[in-house]
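Breakdown of the fold
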Amino acid sequence: MTISEHDRLLIIDFGSQVTQLIARRLRELNVYCEIHPFHLVDDGFLAEFAPKAVIFSGGPSSVFAAGAPMPPRSVFDLGVPILGICYGQQVMMHCLGGKVERGHGTAEFGRAYVTPTPTRLDILDGWFETDQDREQVWMSHGDHVSEIAPGFEVYGTSPNAPFAITADTTRGFFAVQFHPEVHHTPNGAKLYENFVRLAGFKGDWTMGAYREEAIARIRAQVGDGRVICALSGGVDSSVAAVLIHEAIGDQLTCVYVDHGLMRKDESEQVVGMFREHYNLPLIHADESDLFLGKLEGVSDPEAKRKIIGGLFIEVFEKHAKEIGGADFLAQGTLYPDVIESVSFSGGPSVTIKSHHNVGGLPERMNMQLVEPLRELFKDEVRALGRELGLPDSFIGRHPFPGPGLAIRCPGEITREKLDILREADAVYIDQIRKHDLYDEIWQAFVAILPVRTVGVMGDGRTYDFACALRAVTSVDGMTADYYPFSHEFLGETATRIINEVPGINRVTYDITSKPPGTIEWE
């Protein structure tokens, strides 16, 4: 089955930072969906895409703003169910004859509680059954709907959103002021499940189907060309390499670039694993002097990422020539990388940071990109890895960024700081494994801070670096909470790092969630 043969749901993106989580929730339900920015969705697009249902995302805009994001009017004439979320609710009411008003004391940001009206609604099956007949939701709105459009009724209210849940059941239009896609709306997944059920989706999009479709797309894109794959040893690039190799075989050559920014003993482990367990052509390129030389004196995180991205391309082009030329560069780029770097398909979301393999690419490239995981989240990549037969022990590894320790070393990068960081990180991960916590944690690492602090060791004064421990739990990497280590664990770990790692005399623990922080420090 090809993508065009699946039931397809269209998500129109109005710029929310969590639009991709809508897709994440739908994929959990085996529903094929695509996100497209509002300004690229016109009458012709709708006719060609032929969605079975449509979702309007949230967004930062106001319907009163000049040039406010709007859907094409024809979307309401498709005869398919539509769900509007936050700004999506407001724009639906605005377009269909309701009224939206500016904040004026009715803004809501964060946790809120919605209570039902007496009339039941199918999309709310499973809601309002516990917790004193109310549901926790996550609000993030300044403007609010002050008058619903003709044909709509109210099915739920909150203290500052009298039309928190509305629907026109005759036309199959539903609208909510809150964000059901985020973790902080605990029962939000049930709402999406009800919506796709009412829309008649078969739920036939699986990792097995994605594997077959991805292989077909790779073959169609590459033809008889040669591909060079950027292999970091992480889950993403490794799954991409195995998938592409399954599609085109010996047309693929992998290049593992040791940029001097890897964790302790990681290069030896990665190269050994792929040469022993996978029949993939592999070049081990030790380019540490090149990367560290170019990064010398650079402290700005965006500059670091762009330097690393540019050098990666230079190295790949050099090794492509050595093997007789390559037409394509393959990368393990994921959906969150794309969303945080630039808006998906050029949409209106605000850029958070450039990723070395997305925003960091130089304009001049001698190869085209092959990115078969570009629309997947991390847990979906792991599911695809299992589908491809990769061992669970490998698939379960914590994420490691392409720029490596460069973004865990705020400020100027030096070989001394990198050596200290490697040792501290090795002790920290060893502690996590010894306490059997590794699989409970999404990602854990040490960041060495760009400050020195005074300490006392052996009755003598020290003036060494401070470091920060970071550990988070997450489902997809788009939101994350810090891991609640016990004080005993933190104390024991800090003692080990200070005793075993020369150069560090102070250890802190980062308890920032995402948002407002990001998982990595830079």
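Residues numbered from 1 in each chain as written. Predicted model: local features only at pLDDT ≥ 70, side-chain atom pairs only at ≥ 80, totals over all residues. Heavy atoms only, no water.

So, the nonpolar core
Leu373, Leu384, Tyr428, Ile432 and Phe485 are the most contacted members of the largest nonpolar core, which has 94 residues in total. Per-element accounting of this core gives the leading share, 9 residues, to helix H6 (residues 235–248). Membership of the second largest hydrophobic core comes to 42 residues, among which are Leu26, Ala53, Ala164 and Phe201. (Core = buried A, V, L, I, M, F, W, Y, C linked by side-chain atoms within 4.5 Å. Buried < 20%, exposed > 50% of the residue type's maximum accessible area, 1.4 Å probe, protein only. Helix = DSSP H or I, 4+ residues; strand = E, 2+ residues; numbered from the N terminus.)

Some details on the sheet that holds strand S12 (residues 227–230)
If you walk across this open sheet you meet the 5 strands as S14-S13-S12-S15-S16, and the pairing is parallel. This sheet does not close on itself; its edge strands, each paired only once, are strand S14 (282–286) and strand S16 (368–370). Each neighbouring strand pair of the sheet contributes to a mean axis angle of 30°, computed without reference to strand direction. Bridge count for S12 against strand S15 (residues 328–330) is 3 bridges, and the pairing is parallel. What sits directly across from Ile228, in S15, is Leu329. (Pairing = 2+ DSSP bridges. Axes fitted to C-alpha atoms, helices over the stretch in contact; angles between N-to-C directions.)

Overview of the packing of helix H5 (residues 207–222) against H6
Two measures define how a pair of helices packs: the angle their axes make with one another and the distance between the axes. Remark: H5 packs on H6, axes separated minimally by 9 Å, with the N-to-C direction vectors making an angle of 65°. As H5 packs across H6, the resulting crossing turns out to be right-handed. The segment H5 lies against H6, with Arg211, Ala214, Ile215, Ile218, Arg219 and Val222 engaging Leu243, Ile244, Glu246, Ala247 and Ile248. Partitioning the contact of H5 with H6 into residue classes produces 8 nonpolar, no polar and 3 charged. (Left-handed = near helix turned anticlockwise from the far one by under 90°. Contact = heavy atoms within 4.5 Å. Nonpolar A, V, L, I, M, F, W, Y, C, P; charged D, E, K, R; others polar.)

As for unusual backbone geometry
Here the residue pair Lys514 and Pro515 is connected by a cis peptide bond, since its omega of -15° sits within 30 degrees of zero. Relative to the helices and strands, Pro515 resides in the segment after strand S20 (504–509). That bond from Pro515 to Pro516 is cis: its omega, 15°, falls within 30 degrees of zero. Looking at the element boundaries, Pro516 is found in the segment after S20. Although it is not a glycine, Asp265 sits at a positive phi angle of roughly 65°. One can find Asp265 in the loop between strand S13 (252–258) and helix H7 (266–277). For Asp436, which is not a glycine, the phi torsion comes out positive at approximately 60°. Note on placement: Asp436 falls in the loop between helix H13 (415–434) and strand S17 (443–457).

Some points on the confidence of the model for the protein chain
Scored by pLDDT, the protein chain has a mean of 87; 91% of the residues are at 70 or more. When pLDDT is averaged over each element of the protein chain, strand S3 (residues 53–56) comes out on top at 98 and helix H10 (residues 335–341) at the bottom at 63. Confidence drops under pLDDT 50 across residues 342–356; counting only partners more than four residues distant or on other chains, this segment forms 59 contacts. Every residue in residues 358–362 is under pLDDT 50, and counting partners more than four places away or in other chains gives 20 contacts. (pLDDT = per-residue confidence, 0-100.)

Quick look at the pairing of S3
On any regular strand, side chains alternate: one points to one face of the sheet, the next to the other face. Because side chains alternate across S3, one face comprises the buried residues Ala53 and Ile55, and the other comprises Val54 and Phe56, equally buried. Across 4 bridges, the pairing between strand S1 (residues 8–13) and S3 is parallel. Counterpart to Ile11 in the pairing with S3 is Ile55. In this sheet, strand S4 (residues 82–85) lies alongside S3 in parallel orientation, the contact comprising 3 bridges. Each bridged residue has a counterpart across the sheet, and for Ile55 the counterpart in S4 is Leu83.

A closer look at H5
In an α-helix there are 3.6 residues to a turn, and that puts residues three or four apart on one side. For H5, built from 16 residues, the straight-helix expectation of 22 Å at 1.5 Å per residue is met to within 8% by its first-to-last C-alpha distance of 22 Å. Looking at H5, one finds that the buried residues are Met207, Gly208, Ala209, Tyr210, Arg211, Glu213, Ala214, Ile215, Ile218 and Val222. Phi for Gly223, located one or two positions after H5, is positive at around 60°. (Expected span 1.5 Å × (residues − 1).)

Section: helix H9 (residues 301–322)
Helix length check: H9, at 22 residues, gives a terminal C-alpha distance of 32 Å against a target of 32 Å (1.5 Å per residue), a fit within 8%. Two to three positions downstream of the cap, the backbone nitrogen of Glu302 sits 3.2 Å from a side-chain oxygen, assigning the N-cap of H9 to Asp300. Taken from the residues just after H9, Gly324 is the one with a positive phi, measuring 95°. (Polar contact = N/O pair within 3.5 Å; in protein donor to acceptor, adjacent residues only side chain to side chain.)

Considerations on the pattern of salt bridges
Taken as a whole and assessed by the stated rule, the structure comprises 27 salt bridges. In this structure, Arg211 engages Glu246 in a salt bridge whose closest nitrogen and oxygen atoms are separated by 2.9 Å. Linking Arg211 in helix H5 with Glu246 in helix H6, this pair joins segments that are 35 residues apart in sequence. Classification of Glu246 by relative accessible area gives partly exposed; the value is 33%. Where Arg415 meets Asp289, a salt bridge forms, and the shortest distance between an N and an O atom there is 2.9 Å. In this pair, Arg415 is assigned in helix H13 and Asp289 in helix H8 (residues 288–295), connecting sequence segments 126 residues apart. Owing to a relative accessible area of 47%, Arg415 belongs among the partly exposed residues under this scheme. Within this structure, Arg24, Arg25, Glu28 and Asp379 form a network of salt bridges that share partners. (Salt bridge = Lys/Arg side-chain N within 4 Å of Asp/Glu carboxyl O.)

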